[in-house]
Amino acid sequence: MDPQIAELARSAGTTMVTLMATQAWEATRDGLVGLWQRLQPARAEAVRGELEASRAELLLAREAGDNESEAELATEWQGRIRRLLLAHPEVAVDLQSLLDELAPQLPQQPAVVEIRQRAEASGSGRVYQAGRDQHITER
């Protein structure tokens, strides 16, 4: 499989699921359904329903604090989009244009770094830990 198609499908699936819980959802859904409408018109309404079901599942999972469901939904949609791209590679340009159009709507992720440290020392052992720079001067 073409690595560019795989990457485009990964990006599209992740973007779609991320935007399911935002104000940009309707434009996102309509853009993806529009691709299916052009390529597989008989499946377009079913895809619309599947997107809506995925969105409802995502919102319930977030309420329950279930972070794994979002990743599972993204993987599921990546597969569907990948199969669409394999059957109709000519749509890759249109899909990339849709993603470029939706990119400003993606929530900005703060640069948060979580550091967890655990250490044990026994006897006359010493433990030095740092989340960043550490300078130790012993004499």
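Residues numbered from 1 in each chain as written. Predicted model: local features only at pLDDT ≥ 70, side-chain atom pairs only at ≥ 80, totals over all residues. Heavy atoms only, no water.

Enquirer: How do you make sense of the packing of aromatic side chains when you look at a structure like this?
Expert: To describe a pair of aromatic rings, one takes the distance between the centres and the angle between the planes. Tallied over the full model, the rule gives zero aromatic pairs. The residue whose ring lies beneath Arg80 is Trp77, and the NZ or CZ to ring-centre distance is 4.3 Å. (Phe/Tyr/Trp six-rings, centres within 6.5 Å; stacked < 30°, edge-to-face > 60°. Lys NZ or Arg CZ within 6 Å of the ring centre and 35° of its normal.)

Enquirer: Would you mind showing me how to read the environment of Arg62 here?
Expert: Tracing the chain through its elements places Arg62 in helix 3 (residues 41–63). Accessibility expressed as a relative area gives 41% for Arg62, which makes it partly exposed. Setting aside residues no more than four positions away along its own chain, Arg62 makes contact with Thr18, Ala21 and Glu70. Side-chain polar atoms of Arg62 contact the side chain of Glu70, separated by 3.0 Å. (Helix = DSSP H or I, 4+ residues; strand = E, 2+ residues; numbered from the N terminus. Buried < 20%, exposed > 50% of the residue type's maximum accessible area, 1.4 Å probe, protein only. Contact = heavy atoms within 4.5 Å. Polar contact = N/O pair within 3.5 Å; in protein donor to acceptor, adjacent residues only side chain to side chain.)

Enquirer: What is the right way to read the side chain of Arg29 from this model?
Expert: Mapped onto the elements, Arg29 comes out in helix 2 (residues 25–39). Of the residues examined, Arg29 reaches a relative accessible area of 13% and is grouped as buried. With residues near it in sequence (within four places) discarded, Arg29 still touches Arg48, Leu51 and Glu52.

Enquirer: Help me understand the pattern of salt bridges, please; the structure alone is not making it clear to me.
Expert: Note on pairing: side chains with opposite charge can pair once their charged atoms come close. Within the structure shown, the criterion is met by 11 salt bridges. With a shortest N-O distance of 3.3 Å, Asp30 and Arg48 are connected by a salt bridge. Taken together, the positions of Asp30 in helix 2 and Arg48 in helix 3 put the pair 18 residues apart, joining distant regions of the chain. Judged by relative accessible area, Asp30 falls into the partly exposed class, the value being 38%. Residue Glu45 pairs with Arg48 through a salt bridge whose shortest N-O separation is 3.7 Å. In this pair, Glu45 and Arg48 both sit in helix 3, three residues apart, roughly one turn of the helix. For Glu45, a relative accessible area of 53% gives the class exposed. By relative accessible area, Arg48 is classed as partly exposed at 26%. Each of Arg29, Asp30, Glu45, Arg48 and Glu52 takes part in salt bridges that share partners, so that together they form one network. (Salt bridge = Lys/Arg side-chain N within 4 Å of Asp/Glu carboxyl O.)

By themselves, these are just geometric observations and shouldn't be taken as functional.
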